[in-house]
Amino acid sequence: MNHPITLTVNGVVREATVPARRLLSDCLRHDLGLTGTHVGCEHGVCGACTVLLDGEPVRSCLMFAATADGHEITTVEGLAAADGTLSPAQRAFAECHGLQCGFCTPGFLCTVTAFLRENAAPTDEEVVEAISGNLCRCTGYQNIIKAVHRAAELQAETRADKEEGAR
Amino acid sequence: MTTKLFGEPVQRREDARLITGRGRYLDDLGAGAPAAAFVRSPHAHARILDIDVSAALDVDGLVAIYTWEDLPGALAEPLPLLIPHPALTHGRTACPLAREIVRHVGEPVVMVVARDRYLAEDACSLIRVDYEILTPVVGVEEAARAVHLVHGDVPGNVGAHLVQEVPSADGRSAREAVETAPHTLAFRLDVERSASMPLEGRGVYARWDDDDRSLRVYSSTQSSTSVRMAIAAKLGLPLPKVEVIAPDVGGGFGVKIVHPWPEEVLIPWAARLLGGEVKWTEDRREHFVSSAHERGQVQYVRVGFDDDGRVLGLDVNILHDHGAYTPYGIIVPIITSTQLLGPYKIGAYRVEFSSIYTNTVQVTPYRGAGRPQGVFCMERTMDKIAAHLGLDRTEVRAANFIQSDEFPYDQGLIFQDGRPLIYDSGNYPEALRMLKELIGWDSFPELKAAAAAEGRTIGIGLGCYVEGTGVGPYEGGHVQITSDGRVHVSTGLTSQGQGHETVFAQIAATELGVPIEKVSVVTGDTRRFGYAVGTFASRAAVMSGNAIALACRKVREKALRIAADALEADPRDLEITDGVVHVAGAPSASIPLATVAVLSNPLRYAFDEEAQRATQFSGASSMDRPPIEEGQEPGLEGKDYYSPIRSTFACGMHAAIVRTDPLTAEIEILRYAVVHDCGRLINPMIVEGQIHGGVAQGVGGALYEKMAYDEHGQLLNASFMDFLMPYATEVPRIETAHLETPSPLNPLGIKGAGEAGVIPVSAVIASAIEDAEGIPIDRMPISPSDLHTLRLTR
Ligand code: FES
Ligand code: FES
């Protein structure tokens, strides 16, 4: 049985027809061609497939595409601004060498983006806690932790600039 | 100067695409291509009696089903034994699809191709394979008893047996030196199995072009050139009709150096047969049971030493668990046996290993490749000597160090590259001094006493290693400057996250005097560079880095010669700054490299305005000489190879402070310090990143990771849920300090850094736990429940 679904992905309305068992991760990657979302385990443990569903981080390998029908999804492709300006998390990961092979990175970026929205100035423990559901086999996490702090700084600067501009 | 980039923490050039989701990993390619899936053996040891595919034939979207019987010619034969060795008397490899007998859970039996992966798996689940169960051989000691055999024609389950021996200066054997030493100790040390476990598994995507009669293959591999040769050979295709590309690769750590994997020949074969494209992407469970593992070894040590702790004789006997097959030869135990010696001068040394078959996943190198076991062996030995003599552990090490004025130092053994184990340079006493300072070794007793007063148990430990890096035989580099001023660099070896695009661009920009923005680097694409060995053994920076530097020097020389002609200057007076060739001290007498590139290629046809300068009536060339002089070639490009006489030896020393919980036996790493010497640093930020990642994997191996096989040969923890890899919560902050002892062997003075971080971690953590608990730690990894058990037996 195929189901027609409508998702708003990165601000764009997308339609697809999927079998009931189609995973959201596969739908994003293979039906919608958004291959930035990666799959490292397909059993909900590595976090590589993390996307934002209505702003909240979810593991797209644990959800059926049909379940996401009608929801809003942000993937790594949607983190930068429309004009290509990188988000604070993206800039910070590059600045702090927070990635090596980059396979885990989209999941971390989505997780961190949601986290910094909730907690704009986290402590070290809070950062470690926030990323403790994402596996990275390359970096040893130290530079990822650094990048999250840096992203918080950049986010604060961007906000300050915006407020300045608004005044 | 803007172009002096060597040694700077330049930001990575690969990141822009990877942080925006524009990376191209294997499974991101070939949208809509038919997918393959495999029926794999559920048994560790069995005979295939019958394969019944009839139920699968009705699956909607099924394209094809293949078993061993379908494989033609060379494809039906066992896969290559990549690194033969005279001691590997009974090397065995598997066929791409099982023929008659399966020898580990996960061995591929049937390949299915269908419209997509879901449907291919549907078909797999409907295929019935009848097996006659044979007795599985699990555990290296059980296998060595040889009650049952893994391969009927391999007596004793022994694939290889090798003894290497270096007598003492006065000609005595190691065993004699041990017997006659003032002090002797004997013990056993065990290391468990772990695995590379990159976040991206393996994968292959092949596209047959029927019009062109050619094959393009993408593989998540560490060696695209060699995969290409293997595919051409197995499929009987002319080499120029096969191209292999390693796209963005999501980590390798050794497992992707093995080739050709069954899928790397089967998928291209199916693509050609079906006249189109086929893709296979490994899933996590497949990776656990059908790729490769490493580390499992049992090591027996006998050591004799004097009152100062100097080792007079060392006798080591290793049982190496090779799993079911030996595609990568006996590199792992060879590395253990040779690199075990570390930074030390050992009086007399004897090492013997037996490489044993078991009905488990095959064993091939994982980052560190046998060194973690060797270092565990040697460093535990040093600690035991110190404990026996009541000496400080650092003193015993210092008493055995090779001194700075003793290089080159010949250890008298044959290394993994088949060449003598001769250390090129190093400064071990200084590294130890730096480490002691970094961790606060000398003041630790006060810290420990203070902690004890508060009821906390802490301990300190250290570990030292030497790593042979940059093994040959060679790598090459090609550099081309085009008439738009861009610099195109390529090398054949592959990248899996090491930042090669950045460091190789740094080297090229520095050598050529061009802005780094003008430089682009391609790795692992046989269309660009056909000759290469691969990325392993911490060799990429040393091998391709030097090859690219040499190629740049050729191009630079040519550029200066052409520019000198144009500027009517002496080439020796010319410099290149920011991509412009100019007379030193007279910046106005100058010519951009882009123009030099135009002039380097004498033309008949002007394809653009700039090109007019090089055409035949432009007056650019002298009438007395041919447009291309003898021995020269058109174009501003050059190629060169770097082929070292032998490996270059990096070193490192790590120390850790751990806390053990008196009640729960939990082990917490409070501090972790690293002193690292990989010669001249190309990019310190990237080197540190490599160290961090290595240490994290080392922590996994020391405290968490092991492959839990039951007696039936079933892998009980084949998922990320059960095989515990460290998250951010498990990895300590790593403090690093660098020592730079250049290598005299290569033009850039560099040594490899990729594997370093992982090598001594098990030894360091064991040393620290032993210090905290006062219980010998002889087996890694160690979990809280292991420690609890050890406490009970104290
Ligand atoms: S792929 Fe979804 S959590 Fe690993
Ligand atoms: S950067 Fe490779 S897994 Fe995280």
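Residues numbered from 1 in each chain as written. Chains lettered and ligands numbered in written order. Predicted model: local features only at pLDDT ≥ 70, side-chain atom pairs only at ≥ 80, totals over all residues. Heavy atoms only, no water.

For chain B, the name recorded in an unreviewed UniProt entry is Aldehyde dehydrogenase, with Sphaerimonospora thailandensis as its organism.

Going by what an unreviewed UniProt entry lists, chain A is known as (2Fe-2S)-binding protein and is assigned to Sphaerimonospora thailandensis. The record in UniProt for chain A states the following under Pathway (unreviewed entry): "Alkaloid degradation; nicotine degradation." (UniProt positions renumbered as here; feature names shortened; annotations may be inferred.)

Draft legend 1. Layout of the overall build of chain A. Along the backbone of chain A there are five helices and five strands. Ordered by position from N to C terminus, the α and β elements of chain A give β-β-α-β-β-β-α-α-α-α. Relative to its length of 167 residues, chain A is compact, with a C-alpha radius of gyration of 16 Å against a globular reference of 15 Å. Principal-axis analysis of the C-alpha atoms places the extent of chain A at approximately 50 × 40 × 25 Å. For chain A, with 167 residues in total, the buried portion stands at 54%. Contacts in chain A between residues far apart in sequence, at least 24 positions, make up 55% of those at least 6 positions apart. With the model as given, the accessible surface of chain A reaches about 6800 Å², and the carbon-plus-sulfur share is 50%. Charged side chains in chain A number 13 positive and 21 negative. The centres of these two groups are separated by 5 Å. (Helix = DSSP H or I, 4+ residues; strand = E, 2+ residues; numbered from the N terminus. Rg over C-alpha atoms; globule rule 2.2 N^0.38 Å. Buried < 20%, exposed > 50% of the residue type's maximum accessible area, 1.4 Å probe, protein only. Contact = heavy atoms within 4.5 Å. Areas by Shrake-Rupley, 256 points an atom, 1.4 Å probe, with all protein chains shown as cover. Lys, Arg positive; Asp, Glu negative; His and termini not counted. Charge placed at Lys NZ, Arg CZ, Asp CG, Glu CD.)

Draft legend 2. Structural view of the pairing of strand E10 (residues 214–219) of chain B. Residue and element names in this part refer to chain B. Of all six residues in E10, five are buried; the element is thus mostly enclosed. Alignment of strand E9 (residues 203–209) against E10, held across six bridges, turns out to be antiparallel. Bridge pairing in E10 links Arg207 to Arg216. Of the strand pairs in this sheet, E10 and strand E11 (residues 242–245) are connected by four bridges, and their pairing is parallel. Counterpart to Leu215 in the pairing with E11 is Val242. At this point the chain moves from E10, through helix H5 (residues 224–235), to the parallel E11, and the crossover so formed is right-handed. (Pairing = 2+ DSSP bridges. Right-handed = clockwise from strand over helix to strand, strands pointing away.)

Draft legend 3. Region of interest: the interface of chain A and chain B. Facing 46 residues of chain A, the contacting portion of chain B comprises 53 residues. In this structure, the salt-bridge partner of Asp122 of chain B is Arg21 of chain A, at a minimum N-O distance of 2.7 Å. Counting across the interface, chain A meets chain B through 24 residue pairs in polar contact (both at pLDDT 80 or more). Of all the elements in the fold, those that place two or more residues in the side of chain A that touches chain B are helix H1 (24–31), helix H2 (88–95), helix H3 (105–118) and helix H5 (142–166) of chain A. (Salt bridge = Lys/Arg side-chain N within 4 Å of Asp/Glu carboxyl O. Polar contact = N/O pair within 3.5 Å; in protein donor to acceptor, adjacent residues only side chain to side chain.)

Draft legend 4. Summary view of the sheet that holds strand E20 (residues 487–491) of chain B. Residues and elements named next belong to chain B. If you trace the four strands from one edge of the open sheet to the other, you get E21-E20-E19-E25, paired in mixed fashion. Every interior strand has two partners, whereas the edge strands, strand E21 (519–523) and strand E25 (636–642), have only one. With strand direction ignored, the average angle separating the axes of adjacent strands in the sheet is 15°. When E20 meets E21, the two strands line up parallel, connected through five bridges. (Axes fitted to C-alpha atoms, helices over the stretch in contact; angles between N-to-C directions.)

Draft legend 5. Geometry of empty space enclosed by the protein. All names here are of chain B. The full count for this structure, using the stated rule, is five cavities of 30 Å³ or more. Looking at the largest cavity, its volume works out to about 640 Å³. If you go around the largest cavity, you meet 42 residues; those closest to its centre are Gln498, Ser538, Gln690, Gly754 and Glu755. Residue assignment for the lining of the largest cavity shows that the elements contributing at least two residues are helix H8 (331–339), helix H13 (500–512), helix H14 (540–567) and helix H16 (684–704). (1 Å grid on protein atoms, 1.4 Å probe; cavity = no way out; pocket = protein on both sides within 12 Å on 5 of 7 lines; lining within 4 Å. Points joined across faces, edges and corners; volume = space filled by probe spheres on them.)

Draft legend 6. Fine view of a negative patch on the surface. Residues and elements named next belong to chain A. On the surface, a cluster of negative charge is contributed by Asp54, Glu56, Glu72 and Glu118. Relative to the elements of secondary structure, Glu72 occurs in strand E5 (residues 72–74). By relative accessible area, Glu72 is classed as exposed at 51%. (Patch = residues over 30% accessible without salt bridge, like charges linked within 9 Å, V, L, I, M, F, W, Y side chains within 5 Å.)

Draft legend 7. Representation of the nonpolar core. Core analysis: the biggest nonpolar cluster contains 170 residues, and Leu314, Tyr423, Tyr672, Phe720 and Ile765 of chain B have the highest contact counts within it. The next biggest cluster of nonpolar side chains, apart from the first, holds 48 residues, and it includes Val489, Leu512, Ala549 and Val596 of chain B. (Core = buried A, V, L, I, M, F, W, Y, C linked by side-chain atoms within 4.5 Å.)

Draft legend 8. Molecular detail of the UniProt feature "domain: Aldehyde oxidase/xanthine dehydrogenase a/b hammerhead" (unreviewed entry) in chain B. Per the UniProt entry, the sites bearing "domain: Aldehyde oxidase/xanthine dehydrogenase a/b hammerhead" (unreviewed entry) are residues 20–135 of chain B in this numbering. For residues 20–135 of chain B, the helix share is 9%, the strand share is 28%, and the end-to-end C-alpha distance is 51 Å.

Draft legend 9. Examining the sheet that holds strand E22 (residues 574–577) of chain B more closely. All names here are of chain B. The three strands lie next to each other as E22-E23-E24, forming an open sheet whose pairing is antiparallel. In this open sheet, the two strands that pair with only one neighbour each are E22 and strand E24 (586–592). Averaged over all pairs of adjacent strands, the angle between strand axes in this sheet comes to 35°, irrespective of strand direction. Here strand E23 (residues 580–583) runs beside E24; their pairing, made up of four bridges, is antiparallel. Each bridged residue has a counterpart across the sheet, and for Val580 the counterpart in E24 is Pro592. Strand contacts of H14: E22, E23 and E24, with the helix running at about 115° to E22, the strand carrying the most contacts.

Draft legend 10. Molecular detail of the domain arrangement of chain A. All names here are of chain A. Structurally, chain A comprises domain 1 (2–78) and domain 2 (88–166). A straight line from the C-alpha centre of domain 1 to that of domain 2 covers 22 Å. Contact with domain 1, which involves 17 residues of that partner, is made by 14 residues of domain 2. Surface buried jointly by domain 1 and domain 2 totals about 1100 Å² across both partners, of which 61% is contributed by carbon and sulfur atoms. The tally of links between domain 1 and domain 2 comes to zero salt bridges. (Domains from an automatic or database assignment. Buried area = accessible area lost by both parts, 1.4 Å probe.)

Draft legend 11. Molecular detail of the packing of aromatic side chains. All names here are of chain B. Scanning the model with the defined rule gives 14 aromatic pairs over all chains in all. Taken together, a centroid distance of 5.6 Å and an interplanar angle of 50° make the contact between Phe415 and Phe649 tilted. Of this pair, Phe415 sits in the loop between strand E16 (409–414) and strand E17 (420–423) while Phe649 sits in strand E26 (residues 648–660), and the two are 234 residues apart along the sequence. By way of ring pairs, the aromatic residues Tyr344, Phe401, Phe407 and Tyr428 are connected into one cluster. In this structure, Lys384 is placed above the aromatic ring of Phe187, and the distance from its NZ or CZ to the ring centre is 4.9 Å. (Phe/Tyr/Trp six-rings, centres within 6.5 Å; stacked < 30°, edge-to-face > 60°. Lys NZ or Arg CZ within 6 Å of the ring centre and 35° of its normal.)

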